[in-house]
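Results of the structural survey
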Amino acid sequence: ETIVFGHGPVGDRGSVERQLRYYRELWDGVVTTVELGMSEDQTVATVQLPAYQDWDRYDEWFAMNVRGMYRAVKR
C-alpha cells in the first residue's frame, strides 16, 4: 500500500509503476545509443526523457542515471 523510497516522498503503487516505467524508458534509450556505437558521454548528451523533467532533482541526477544505465547495458 505504501512505499518509502530512499529519495523523495512516500509513495504508493502508482509511484512504483512510474519509477519502473522510467527505468524501462531509460533502458530503451540507452540500448538504442549503444546499438548505434555511441560512447558513454555521447549517450549522456543524446538520451532525454522530458516526460520526467518535473521530477525532483531530475536535472541533478539524470546524467548520472544515464551513465549508470549505460554501464549496466555494456556489461
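So, here's what we can say about the structure. Keep in mind that what you see is a predicted model, and the values were worked out from it rather than measured.

**Some remarks on the nonpolar core**
Grouped together as the largest cluster of nonpolar side chains are 13 residues, with contacts concentrated most on Tyr22, Leu26, Val30, Val47, Leu49, Phe62 and Val66. Elements with a contribution of two residues or more to this core: α1 (13–35) and α3 (58–74). A per-element tally of this core places α3 first, with six residues.

**Concerning α3**
Here α3 is 17 residues long and its end C-alpha atoms lie 23 Å apart, about the 24 Å a rise of 1.5 Å per residue gives. Considered for burial, the residues of α3 that qualify are Tyr58, Phe62, Val66, Met69, Tyr70 and Val73. On an axial view of α3, the arc spanned by its buried residues comes to 105°, and they lie on one face. Across from the buried face of α3, at angles greater than 90 degrees, the exposed residues are Glu60 and Met64. Turning to α3, the residues buried within the fold contact α1 and α2 (40–46).

**Considerations on the environment of Arg13**
The topology assignment puts Arg13 in helix α1. When the C-alpha positions of Arg13 and Val34 are compared, they lie 31 Å apart, and in sequence the two are 21 residues distant.

**Overview of the pattern of salt bridges**
One pass over the full model with this rule turns up three salt bridges. Among the ionic pairs, Arg71 bridges to Glu40, the shortest N-O distance being 2.8 Å. You can see Arg71 sitting in helix α3 and its partner Glu40 sitting in helix α2, a full 31 residues away along the chain. Residue classification places Glu40 among the buried positions, given a relative accessible area of 17%. Several salt bridges share partner residues, and in doing so they unite Glu40, Asp41, Arg67 and Arg71 into one network.

The rules behind each value
- Residues numbered from 1 in each chain as written.
- Predicted model: local features only at pLDDT ≥ 70, side-chain atom pairs only at ≥ 80, totals over all residues.
- Heavy atoms only, no water.
- Core = buried A, V, L, I, M, F, W, Y, C linked by side-chain atoms within 4.5 Å.
- Buried < 20%, exposed > 50% of the residue type's maximum accessible area, 1.4 Å probe, protein only.
- Helix = DSSP H or I, 4+ residues; strand = E, 2+ residues; numbered from the N terminus.
- Expected span 1.5 Å × (residues − 1).
- Arc of directions from axis to C-beta.
- Contact = heavy atoms within 4.5 Å.
- Salt bridge = Lys/Arg side-chain N within 4 Å of Asp/Glu carboxyl O.

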